[in-house]
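# Tertiary structure, described
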Amino acid sequence: MHTVPNLPYDYNALEPYIDEQTMRLHHDKHHQAYVDKLNAAIQGTAFEGMDIHDVLTNLNQVPENIRAAVRNHGGGHANHSFFWQVMAPSAGGMPAGKIAEKITESFGSFDKFREQFAAAALGQFGSGWAWLALNSGKLEIIATPNQDSPLSQGKTPLLGIDVWEHAYYLKYQNRRPDYITAWWNVVNWKEVEKRFADTQ
């Protein structure tokens, strides 16, 4: 049985950038719905007791009759569990250490990375995500539709932004660029650094 992890901070901790009501709905309603539908899809199968990351990494082994549900709802569960961790109050700024060096090496500068990442988030048509991911030792910026996970592409997510409308519409309405700009203020670079270090 998969469960929704508790937020690692209060619902209002990311104010004024992400509002309390959005966090309550996003975590308690949207994430819970993904977990409920995932559990229903895998009940009684060999995947019931598996870690969701292992399931998504081996998505092609999931029976075809439940694969779409696992891709959508399992992806939603994994993506959101990740998303809560890569944000934090009193965060933002710039990364430090090895991940900072790798970003500069890969994109030319932190500012260029931010521009490319924001462009991927803004350019994702409809619902989806933008990611900083590690692919065979190289950093990539990718966008995925719906709740597709980089794990299913053999990539390790290090940072991600949810650009589904439910992530920002209460506060920002249709102003996705404003949401993306504000979101940089809550990026938990310490968590990103830790995740990068774990891959080395």
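Please refer to the structure higher up on the page.
Residues numbered from 1 in each chain as written. Predicted model: local features only at pLDDT ≥ 70, side-chain atom pairs only at ≥ 80, totals over all residues. Heavy atoms only, no water.

### Structural notes on the packing of aromatic side chains
- Within this structure, the stated rule accounts for 16 aromatic pairs.
- For the pair Tyr168 and Tyr179, a centre-to-centre distance of 4.9 Å together with 20° between the ring planes defines the contact as stacked. Highlighted residues: Tyr168 in the loop between β3 (156–162) and α6 (169–172) and Tyr179 in helix α7 (residues 176–183), separated in sequence by 11 residues.
- Ring geometry for Tyr172 and Tyr179: centres 6.0 Å apart, planes at 50°, overall tilted. When sorted by exposure, Tyr172 lands in the same class as Tyr179, which is buried.
- Grouped by ring-pair contacts, the aromatic residues Phe107, Phe110, Phe113, Phe117, Trp183, Trp184 and Trp189 constitute a single cluster. (Phe/Tyr/Trp six-rings, centres within 6.5 Å; stacked < 30°, edge-to-face > 60°. Helix = DSSP H or I, 4+ residues; strand = E, 2+ residues; numbered from the N terminus. Buried < 20%, exposed > 50% of the residue type's maximum accessible area, 1.4 Å probe, protein only.)

### A closer look at unusual backbone geometry
- Between Glu15 and Pro16 the backbone carries a cis peptide bond, its omega angle lying at 0°.
- Summarising the element assignment, Pro16 is placed in the segment before α1 (20–42).
- Positive phi is not limited to glycine here, since Ser136 has a value of about 50°.
- The residue Ser136 is located in the loop between β1 (128–135) and β2 (138–145) in this model.
- Taking relative accessible area as the criterion, Ser136 reaches 73% and is therefore assigned exposed.
- With a phi close to 50°, Gln173 is a non-glycine residue in the positive phi region.
- Examined against the element boundaries, Gln173 turns out to sit in the loop between α6 and α7.
- Classification of Gln173 by relative accessible area gives partly exposed; the value is 33%.

### As for the nonpolar core
- One finds Phe113, Leu159 and Trp183 to be the most contacted residues of the largest nonpolar core, which totals 45 residues.
- A per-element tally of this core places β1 first, with 6 residues.
- Listed in part, the 12 residues of the second largest apolar core include Leu38, Val55, Ala78 and Leu151. (Core = buried A, V, L, I, M, F, W, Y, C linked by side-chain atoms within 4.5 Å.)

### A look at helix α3 (residues 64–85)
- In this model α3 runs 31 Å from its N-terminal to its C-terminal C-alpha over 22 residues, within 8% of the 32 Å that 1.5 Å per residue would give.
- Within α3, the axis deviates most sharply at Val70, by approximately 35°. (Expected span 1.5 Å × (residues − 1). Bend = angle between axes of the 7 residues up to and from the residue.)

### Structural notes on the packing of helix α4 (residues 97–107) against helix α8 (residues 189–199)
- In contact at an axis separation of 8 Å, α4 and α8 are set at 85° when each is read in the N-to-C sense. When the axes of α4 and α8 are compared, the pair comes out roughly perpendicular. Of α8, the residues touching α4 (which contributes Lys98, Ile99, Lys102 and Ile103) are Trp189, Val192, Glu193 and Phe196.
- Along the lines of polarity and charge, the residues of the contact of α4 with α8 split into 5 nonpolar, no polar and 3 charged. (Axes fitted to C-alpha atoms, helices over the stretch in contact; angles between N-to-C directions. Parallel < 35°, antiparallel > 145°, perpendicular 65-115°, else oblique. Contact = heavy atoms within 4.5 Å. Nonpolar A, V, L, I, M, F, W, Y, C, P; charged D, E, K, R; others polar.)

### Observations concerning the side chain of His27
- On the secondary structure map, His27 appears in helix α1.
- Within polar-contact distance, the side chain of His27 engages the backbone oxygen of Pro5 at 2.7 Å.
- Look past the residues within four positions of His27 in its chain and what remains in contact with it is Val4, Pro5, Asn6, Leu7, Tyr11, Gln32 and Trp84. (Polar contact = N/O pair within 3.5 Å; in protein donor to acceptor, adjacent residues only side chain to side chain.)

### A few points about the side chain of Thr144
- Within the secondary structure, Thr144 sits in strand β2.
- Taking the relative accessible area as the measure of exposure, Thr144 reaches 0% and is therefore buried.
- When residues no more than four places from it in sequence are discounted, the contact partners of Thr144 are Gln124, Ser127, Gly128, Trp129, Trp131 and Gln153.

### Section: the pattern of salt bridges
- Counted according to the given criterion, the structure contains 7 salt bridges.
- Across the salt bridge formed by Glu105 and Lys102, the nearest N and O atoms sit 3.9 Å from each other. Here Lys102 and Glu105 lie together in helix α4, a separation of 3 residues that amounts to about one turn.
- Here Glu105 falls in the exposed class, since its relative accessible area comes to 62%.
- Given the relative accessible area of 17%, Lys102 is considered buried.
- A salt bridge links Lys194 to Asp198; its shortest N-O distance comes to 3.7 Å. You can see Lys194 and its partner Asp198 sitting in helix α8, 4 residues apart, about one turn around the helix.
- Classification of Lys194 by relative accessible area gives partly exposed; the value is 46%. (Salt bridge = Lys/Arg side-chain N within 4 Å of Asp/Glu carboxyl O.)

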